[in-house]
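Next come the chains, spelled out residue by residue.
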Amino acid sequence: MGPLTRWDTHGFTAAAGTRVHAALLGNADAPTVVCVHGLGCSHRYFLPLARALRRDARVVAPDLPGFGRTRGPSRALDIRGLSQALADWLRATARAGAVVVANSTGCQVAVDMALHSPELLGPLVLVGPTVDRRARTLPQQVGRLIADSPWERPTLGPVLLRDWAACGARRYAATFAYMLTDPIERKLPHVPVPTVVVRGARDPVVPRAWAEEVTRTLPDGRLAEVPGVGHTVNWSAPERLARLVRPLLAGEHT
Amino acid sequence: MRVRDSVVVVTGASSGIGRATALACAAAGAAVVLAARRAEALDEVARECETAGGEALAVPIDVTDADAVQALARRAVERFGRIDVWVNCAAVTAFAPFQEIPLEEFRRILDVDVMGYVHGARAALPYMRDQGKGVLVNVSSIVAAVPQPYTHAYSMSKAAVRVLSSSLRQELRLDGAKGVKVCTVMPPTVDTPFFDHTANYTGRKAKAMPPVYSAERVARTIVDLIRVPRREVLVGPMARNLMLQSKLAPGLAERMMASQVDKMHLYRTKPAPATSGNLFQPAPGTGSVSGGWHGRRQTALRRVASTAALLAGGAAVARRWGL
């Protein structure tokens, strides 16, 4: 199992005013899948998905500035700042048009790109897109995250703890505030690419009504539910998520 | 600051402390940018750094050229995206009676050892302030506190560097740039090729004045300093000793240093021709960390000797008091 418990390589790119780290795994000749992590997370929790896709795709998981192994500015970036950093990195590494798999707040970052750099977007997979516009307060979101914890695999805990330590409490709190106020529903109509909205059927952070609304608001959206799992589908059901991503690699979107 | 994944620029990286620092940072997982005059030496250091596990970029420049140092910072950012740490380490020296060193060589030393650091700080600090974070390490010397005869320009420069660090710290504090740290490192005699590269007009060959410490030890101190920045760090017990002496009995410290340098820093029996050393032309070759002064062995021997002395002293005390 040696080679499967870690990434193939780690790449660094001068972009977005910092040294952006990205972890890479999979077939180098295959199409690229870019993974965009959520709040306080990093490339690490995409490893199971990367493993599941390794034969069909080159999976690249960058760390946004201030998270994982990418140093950030001393003040936390807002959603626009993060999405501009992602866009800059996509340009610098010539990965425009790659399939983008985003989780949670990463979905907000990916969707925001539709406003300033739509040409960089490839087919999108929004896994648990936040934030439900009917629950845009701190207590509601914290409550939902706690309610989600029984539906996550316990192994996610140590991974997240490490990432939270890397980003720090202040950056986490500041980014949380930016995340809450980001009006994603007003940006969704501008997403110019085929999009799959993925929802863990047990996910309290993204209730079905919100996932359906997101799908409806997208010009080319489709909803897929993964039964039995919570918010972090890429960690708890990587194989089933990979099955949803694969058709996009070949350019078949239904 | 974590050393892993950070971007470290080192001037004077072709030999001695600079080279050891670059290697130590690379081994700790940093990306290093290497600056010095000798391209072929830098290429070799870059290869060593890559073998040690870090990415490396060699930029051959002379630190007295302010534009070239600015370009060095730009190259670092273009390649690695940011500058987390800047280590000013490039320095030259001369051993010469005051009236005999050519004035242009005196000026050249001040130019490299003072203005070179100024250029480095001016190039690095804007990036660090933009990032809100950074560590500027200025390698000074214990001679900043207890100067030496015959190396006026060098001693003056090292004192100037120490003062520059202090001034910068204060200015950054007033500007509220809390995340940007400026540190001074004050090593004692270090086993580097420095003493073979020196300009010399004394007629006597220069040698490393004991006690000699290894360049790797200074490099370790600098890596620790990046992790936990401090204002000033003395390397090794001899430096701490000299600093204490300079404060408690400055006159005595001066007299002792004068006779020490006369006896131990210059050979009495080995003559040396007048030379401008590496002041204007870099030394040939691919450079090295050590200068063959056995810094590591000397440190080990001193440790054995002082442990033995301590044990003997302890035994004597125990016998005297019948413990």
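Residues numbered from 1 in each chain as written. Chains lettered and ligands numbered in written order. Predicted model: local features only at pLDDT ≥ 70, side-chain atom pairs only at ≥ 80, totals over all residues.

Q: So what exactly am I meant to see when it comes to the overall build of chain A here?
A: Along chain A, the regular secondary structure elements total ten helices and eight strands. For 254 residues, the compact-globule estimate of 2.2 N^0.38 gives 18 Å, and the C-alpha radius of gyration of chain A, at 16 Å, lies within 12% of that figure. For the C-alpha atoms alone, the extent of chain A along its principal axes is close to 45 × 45 × 40 Å. Per-residue burial for chain A yields a buried fraction of 53% across its 254 residues. Across chain A, every contact between residues at least 6 apart in sequence was considered, and the portion connecting residues at least 24 apart equals 78%. (Helix = DSSP H or I, 4+ residues; strand = E, 2+ residues; numbered from the N terminus. Rg over C-alpha atoms; globule rule 2.2 N^0.38 Å. Buried ≥ 20, exposed ≤ 12 C-beta atoms within 10 Å, placed from the backbone. Contact = placed C-beta atoms within 7 Å.)

Q: I tried to follow the nonpolar core on my own but got confused; where do I start?
A: Among the nonpolar cores identified, the biggest contains 181 residues, and Val100(A), Val125(A), Val9(B), Val32(B), Leu34(B) and Ala124(B) are the most heavily contacted of them. If one sorts the elements of this core by residue count, helix 4 (residues 103–131) of chain B sits on top with ten residues. Dropping the residues within four chain positions of it, Val100(A) is found in contact with Val34(A), Val36(A), Ala110(A), Leu121(A), Gly122(A), Leu124(A) and Val125(A). (Core = buried A, V, L, I, M, F, W, Y, C linked by C-beta atoms within 7 Å.)

Q: Can you help me understand the confidence of the model for chain B in this one?
A: Low pLDDT marks regions whose predicted coordinates should not be analysed in detail. Overall, the predicted model of chain B reaches an average pLDDT of 96, with 100% of residues at or above 70. Two numbers describe this predicted complex: its pTM, 0.91, and its ipTM, 0.86. (pLDDT = per-residue confidence, 0-100.)

Q: What is the right way to read the interface of chain B and chain A from this model?
A: Where the parts come together, the accessible area they lose is often given as the size of the interface. In this assembly, 14 residues from chain B lie in contact with twelve residues from chain A. Here the element with the most residues in the side of chain B that touches chain A is helix 3 (residues 66–80) of chain B; it accounts for four residues. Its residues assigned to classes, the side of chain B that touches chain A comprises four nonpolar, four polar and six charged. (Nonpolar A, V, L, I, M, F, W, Y, C, P; charged D, E, K, R; others polar.)

Q: Honestly, the pairing of strand 4 (residues 85–88) of chain B in this entry has me stumped. Any pointers?
A: Look at any regular strand and the pattern is simple: side chains alternate between the two faces of the sheet. Residues and elements named next belong to chain B. Of the two faces of strand 4, the one holding Val-85 and Val-87 and the one holding Trp-86 and Asn-88 are both buried throughout. Pairing analysis gives three bridges linking strand 1 (residues 7–11) to strand 4, with the strands arranged parallel. The residue of strand 4 that forms the bridge with Val-8 is Val-85. As paired strands, strand 4 and strand 6 (residues 134–139) are joined by four bridges and run parallel to one another. Each residue of the ladder has a partner; that of Asn-88, found in strand 6, is Asn-138. (Pairing = 2+ DSSP bridges.)

Q: Just checking my understanding: could you explain the confidence of the model for chain A for this structure?
A: Per-residue confidence for chain A gives a mean pLDDT of 94; residues scoring 70 or more make up 97%. Per-element confidence in chain A is highest for strand 6 (residues 124–127) of chain A, whose mean pLDDT is 98, and lowest for helix 5 (residues 156–167) of chain A, whose mean pLDDT is 94.

Q: When you look at the sheet that holds strand 5 (residues 99–103) of chain A in this model, what are you seeing that I'm missing?
A: All names here are of chain A. Read across the open sheet, the eight strands follow the order 1-2-4-3-5-6-7-8; overall the sheet is mixed. Whereas interior strands pair on both sides, the edge strands pair on one side only; in this sheet they are strand 1 (9–15) and strand 8 (221–226). Within the sheet, the average angular offset between the axes of one strand and its neighbour, ignoring direction, is 25°. Where strand 1 lies against strand 2 (residues 18–26), seven bridges are found, and the strand directions are antiparallel. (Axes fitted to C-alpha atoms, helices over the stretch in contact; angles between N-to-C directions.)

Q: I keep staring at the sheet that holds strand 12 (residues 232–234) of chain B and nothing clicks. Help me out?
A: By way of backbone hydrogen bonds, the strands of a sheet pair with one another, either parallel or antiparallel. Residue and element names in this part refer to chain B. Strand order in the open sheet made by the seven strands is 3-2-1-4-6-7-12, with parallel pairing throughout. Edge positions in the sheet fall to strand 3 (56–60) and strand 12, since each has one partner strand and no second. Mean inter-strand twist for the sheet, computed between neighbouring axes without regard to direction, equals 15°.

Q: Please clarify how the pairing of strand 6 of chain A should be interpreted in this entry.
A: All names here are of chain A. The two faces of strand 6 match: Leu-124 and Leu-126 on one face and Val-125 and Val-127 on the other face are all buried. Across four bridges, strand 5 lies against strand 6 in parallel orientation. The partner of Val-100 across the bridge, within strand 6, is Leu-124. Each parallel crossover has a hand, and for strand 5 linked through helix 3 (residues 105–116) to strand 6 it is right-handed. As paired strands, strand 6 and strand 7 (residues 195–200) are joined by four bridges and run parallel to one another. The residue bridging Leu-126 from the neighbouring strand is Val-197, located in strand 7. (Right-handed = clockwise from strand over helix to strand, strands pointing away.)

Q: When you look at the packing of helix 4 of chain B against helix 5 (residues 152–174) of chain B in this model, what are you seeing that I'm missing?
A: All names here are of chain B. One way to put it is that helix 4 packs onto helix 5 with a least axis distance of 9 Å and a crossing angle of 20°. Taken together, the axes of helix 4 and helix 5 are roughly parallel relative to one another. Here helix 4 and helix 5 pass one another in a crossing that is right-handed. The segment helix 4 lies against helix 5, with Phe-106, Ile-109, Leu-110, Asp-113, Val-114, Tyr-117, Val-118 and Ala-121 engaging Ala-153, Tyr-154, Met-156, Ser-157, Ala-160, Val-161, Leu-164 and Leu-168. (Parallel < 35°, antiparallel > 145°, perpendicular 65-115°, else oblique. Left-handed = near helix turned anticlockwise from the far one by under 90°.)

Q: I keep staring at helix 10 (residues 295–320) of chain B and nothing clicks. Help me out?
A: Helical geometry note: an α-helix holds 3.6 residues per turn, so side chains three or four residues apart project in the same direction. All names here are of chain B. The first and last C-alpha atoms of helix 10 sit 37 Å apart over 26 residues, in line with the 38 Å expected at 1.5 Å per residue. Counting buried positions over the 26 residues of helix 10 gives one, only a small fraction of the element. Looking one or two residues past helix 10, Gly-322 carries a phi angle of roughly 60°, positive in sign. (Expected span 1.5 Å × (residues − 1).)

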